[in-house]
Amino acid sequence: MFVVYGRHGGFPAEVELSALLEPNGGDGTAGFVQVGLEPRTAVQVRAVGDVNGDGLADLSVGGLADGPVVYVWYGNAGPVPAERPFNALLIANGGNGSQGVALVADEGEELTLPTRIGDVDDDGFPDLALTAARGNPATENFGTTVYVLYGQEDPLPAEVVPAALLDQDAPRVVTLVRPPTQPVTLRPARATLDFNQDGVEDLVFSDSGGGLDSVYLAHGTAGLRPPLIDLGDLLPENGGDGRRGFVVRGNEETGRLDQSISTADVNADGRQTSWSRRLFADCRSATTWAPKPSSTVARDPCRRR
């Protein structure tokens, strides 16, 4: 994996990534390379903001598929070696928490790459969310939950097992988010929004399961890091009244709700609007339509992307 630094004065017409490698003269000033991956291994990289409050942007790095370990590398204003082992943050490889943190799955879990979700406890540090999956997706034993990992100035240990921190009282580092039903695939949205305009950013999740999808919005609260957020409590049949958040459900008329959630102030009222792309289709029928009537490209709207 190659990381190229931005620079004043622009770039040449072509950038040769191999020049970042030590044997080719790379010294870490133009960027660096994470080495040690198996050939043809696919990785994901995502910007997550300044998680540790040092004024530098941080990166989350992990495999393309869910796995037992994902990494958050802290930004570094000082010299960085031209080559860094992909798993250097692990304690067994010399990690001490100063360069970043390894997020390690509990037994039987697989973790997704962390996503920045805004500052949902209003402490000035961006927070992260990552999905934990258990079981085989082809069986009824499959289910997912989401861990909210709070950004903070106090350094985290080199390795963090999110599930092991759930019983921690003060200072709380992790909140568990649980869907109303299983099996579903619950994922945090890559959206940062303050939907109720209370000055605190909110949590948005989408699920894909049970035939028709749902989108959940749970309001953030300043100074509050609850041990558990049960999204089922937002439903009216469980006492939900809209004050803590709300649920948007797909139905037979609207069709499935896409997991791509966007936000903007589309009606100029000073408040953000959130929407999920709708796919108009009957998934039980052999006939399907593209989302836009003018499109001539046929695709299956019931297929998971």
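Residues numbered from 1 in each chain as written. Predicted model: local features only at pLDDT ≥ 70, side-chain atom pairs only at ≥ 80, totals over all residues. Heavy atoms only, no water.

Asker: Please explain the overall build of the protein as it appears in this structure.
Answerer: Summing up its helical and strand segments, the protein has zero helices and 20 strands in all. Burial status across the protein gives 43% buried among its 305 residues. Of the contacts formed within the protein by residues at least 6 apart in sequence, a portion of 55% connects residues at least 24 apart. As presented, the protein carries roughly 16300 Å² of accessible surface, and 51% of it is formed by carbon and sulfur atoms. (Helix = DSSP H or I, 4+ residues; strand = E, 2+ residues; numbered from the N terminus. Buried < 20%, exposed > 50% of the residue type's maximum accessible area, 1.4 Å probe, protein only. Contact = heavy atoms within 4.5 Å. Areas by Shrake-Rupley, 256 points an atom, 1.4 Å probe, with all protein chains shown as cover.)

Asker: I keep staring at a nonpolar patch on the surface and nothing clicks. Help me out?
Answerer: Together, Phe2, Val4, Phe11, Val15 and Leu17 make up an exposed nonpolar region whose accessible area comes to about 400 Å². Among the structural elements, Val15 can be located in the loop between β1 (2–4) and β2 (31–35). (Patch = residues over 30% accessible without salt bridge, like charges linked within 9 Å, V, L, I, M, F, W, Y side chains within 5 Å. Salt bridge = Lys/Arg side-chain N within 4 Å of Asp/Glu carboxyl O.)

Asker: In this structure, what is going on with the side chain of Gln34? I would like to understand it.
Answerer: By the secondary structure assignment, Gln34 is in strand β2. Those residues in contact with Gln34, other than ones at most four positions away along the chain, are Met1, Val61, Trp73, Arg84, Pro85 and Phe86.

Asker: Looking at this structure, I do not really get the sheet that holds strand β18 (residues 245–249). What am I missing?
Answerer: Two pairing modes exist for strands in a sheet, parallel and antiparallel, and in both the strands are linked by backbone hydrogen bonds. Read across the open sheet, the four strands follow the order β14-β15-β16-β18; overall the sheet is antiparallel. Here the strands that pair on one side only, and so sit at the sheet edges, are β14 (185–188) and β18. Averaged over all neighbouring strand pairs, the angle between strand axes comes to 20°, with direction disregarded. Sheet topology places strand β15 (residues 203–208) next to strand β16 (residues 214–218); five bridges connect them, and they run antiparallel. (Pairing = 2+ DSSP bridges. Axes fitted to C-alpha atoms, helices over the stretch in contact; angles between N-to-C directions.)

Asker: What am I meant to see in the nonpolar core here?
Answerer: Nonpolar side chains in soluble globular proteins tend to be buried together. Counting residues in each nonpolar core, the largest one holds 22 residues, and the members touching the most others are Leu103 and Tyr147. Listing elements by their share of this core, those giving two or more residues are β5 (69–73), β7 (100–104), β10 (127–134), β11 (143–149) and β13 (174–178). Ranked by residues supplied to this core, first place goes to β10 with three residues. For Leu103, the residues in contact, after removing those within four places along its chain, are Pro68, Val69, Val70, Val72, Leu111, Pro114, Leu130, Leu149 and Val160. With 15 residues, the next largest nonpolar core counts Ile117, Val177, Ala218 and Leu234 among its residues. (Core = buried A, V, L, I, M, F, W, Y, C linked by side-chain atoms within 4.5 Å.)

Asker: What should I look at first to understand the sheet that holds strand β4 (residues 58–63) in this one?
Answerer: Overall, mixed pairing links the five strands, which are arranged β3-β4-β5-β7-β12 in an open sheet. With partners counted over all chains shown, the strands left at the sheet margins are β3 (43–49) and β12 (159–160), one partner each. Note: β3 against β4, six bridges, orientation antiparallel. Within the sheet, the bridge partner assigned to Val43 lies in β4 and is Gly63.

Asker: Just checking my understanding: could you explain unusual backbone geometry for this structure?
Answerer: Note: most peptide bonds trans; most residues except glycine with negative phi. With phi around 60°, Asp122 is a residue other than glycine that occupies positive phi space. Within the element layout of this structure, Asp122 appears in the loop between β9 (115–118) and β10. Positive phi is not limited to glycine here, since Gln197 has a value of about 55°.

Asker: Got a minute to help me understand the pairing of β16 in this structure?
Answerer: Along a regular strand, successive side chains alternate from one face of the sheet to the other. Where burial is concerned, most of β16 is hidden: five out of the five residues are buried. The two faces of β16 match: Ser214, Tyr216 and Ala218 on one face and Val215 and Leu217 on the other face are all buried. Summarising the sheet, β16 and β18 pair through five bridges and their orientation is antiparallel. Following the sheet pairing, Ser214 is matched in β18 by Arg249.

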